[in-house]
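# Descriptive structure summary
Here are the chains, one letter per residue:
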Amino acid sequence: MILRRAAPADGDALWAILEPAFRPGDTYAVDPAIPRANALAYWTGPDREAWITDDATGTYYLKANQPGNGDHVCNAGFATHPAARGRGTARAMLDHALDRARARGFLAMQFNFVLATNTRALAIWRDYGFDTVGRVPQAFRHPTEGLVDALVLHRRL
């Protein structure tokens, strides 16, 4: 799988991945009704670099987790089109993101808000050596599970 930097011309492809990730309201702490333009601005904002797979089935962004003296730790967000789930897309993107983070000089990667109900993502992150370093009780209003915990995951690079 090849990943390349997302460009403005990738808006339709990015939206085709992001819309089914955001609309159910069960994984991302964004408004499920987020308009397309806002979602694309969020994903490709000036503080992050966005990547997309060559087959337009997955995308991720990479950014500093915090500004200033916290900018040696990165943060990333991942989305895979539902039709591509279970085919290794997320793992390929994570491999790429870890390499890209190291190349940019980050010393660690941190996920700030992984839902305890997102077992598929948690299994991948744990396979890659991420540790749960925090838990925010009942931090997310899940549409079917009610109030669920959000986890903070961390891994040194």
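Right, let's get into the packing of aromatic side chains. Tallied over the full model, the rule gives 15 aromatic pairs. A centroid spacing of 6.1 Å and a plane angle of 80° characterise the contact between Y42 and Y61, whose relative ring orientation is edge-to-face. Placement of the pair is Y42 in helix α2 (residues 36-43) and Y61 in strand β3 (residues 58-64), with a sequence separation of 19 residues. What makes Y42 partly exposed here is its relative accessible area of 28%. Among the aromatic residues, ring-to-ring pairing joins W51, Y60, F78, F111, W125 and F130 into one connected group. Sitting above the plane of the Y61 ring, R48 keeps its charged end 4.2 Å from the centroid.

This part is about the sheet that holds strand β6 (residues 131-142). Two modes of strand pairing occur in sheets, parallel and antiparallel, and in both the strands are linked by backbone hydrogen bonds. Taken in spatial order, the seven strands of this open sheet run β1-β2-β3-β4-β5-β7-β6, and their pairing is mixed. Each edge of the open sheet carries a strand with a single partner, namely β1 (3-5) and β6. Pairwise comparison of adjacent strand axes, ignoring direction, gives a mean angle of 25° for this sheet. Two strands pair when backbone bridges link them, and β1 and strand β2 (residues 48-53) are joined in this way by three bridges, in the antiparallel orientation. Residue pairing across strands places R4 opposite I52, the latter belonging to β2. Its contacts with the sheet place helix α3 (residues 89-103) against β1, β2, β3, β4 (73-80), β5 (108-115) and β7 (146-156), and it is angled at close to 25° to β3.

On to the layout of surface pockets. If you add up the space inside the largest pocket, you get close to 860 Å³. Looking at the largest pocket, it is lined by 37 residues, and the ones nearest its centre are T27, Y28, F78, N118 and A121. Of all the elements in the fold, those that place two or more residues in the lining of the largest pocket are α1 (11-22), β3, β4, α3, β5 and α4 (119-127). It is β4 that contributes the most residues to the lining of the largest pocket, six residues altogether. Grouping the constituent residues of the lining of the largest pocket by class yields 20 nonpolar, 10 polar and seven charged. As a volume, the second largest pocket reaches approximately 160 Å³.

Turning our eyes to something else, we now look at the pattern of salt bridges. Summed over all chains, the structure comprises 12 salt bridges. Between K63 and D47 there is a salt bridge, and its shortest N-O distance comes to 3.9 Å. Here D47 lies in the loop between α2 and β2 and K63 lies in strand β3, a separation of 16 residues in the sequence. Owing to a relative accessible area of 43%, D47 belongs among the partly exposed residues under this scheme. A salt bridge links R135 to D149; the nearest nitrogen and oxygen atoms lie 2.8 Å apart. Of this pair, R135 sits in strand β6 while D149 sits in strand β7; the two residues are 14 residues apart in sequence, bridging distant segments of the chain.

Reading the values: the criteria
Residues numbered from 1 in each chain as written. Predicted model: local features only at pLDDT ≥ 70, side-chain atom pairs only at ≥ 80, totals over all residues. Heavy atoms only, no water. Phe/Tyr/Trp six-rings, centres within 6.5 Å; stacked < 30°, edge-to-face > 60°. Helix = DSSP H or I, 4+ residues; strand = E, 2+ residues; numbered from the N terminus. Buried < 20%, exposed > 50% of the residue type's maximum accessible area, 1.4 Å probe, protein only. Lys NZ or Arg CZ within 6 Å of the ring centre and 35° of its normal. Pairing = 2+ DSSP bridges. Axes fitted to C-alpha atoms, helices over the stretch in contact; angles between N-to-C directions. Contact = heavy atoms within 4.5 Å. 1 Å grid on protein atoms, 1.4 Å probe; cavity = no way out; pocket = protein on both sides within 12 Å on 5 of 7 lines; lining within 4 Å. Points joined across faces, edges and corners; volume = space filled by probe spheres on them. Nonpolar A, V, L, I, M, F, W, Y, C, P; charged D, E, K, R; others polar. Salt bridge = Lys/Arg side-chain N within 4 Å of Asp/Glu carboxyl O.

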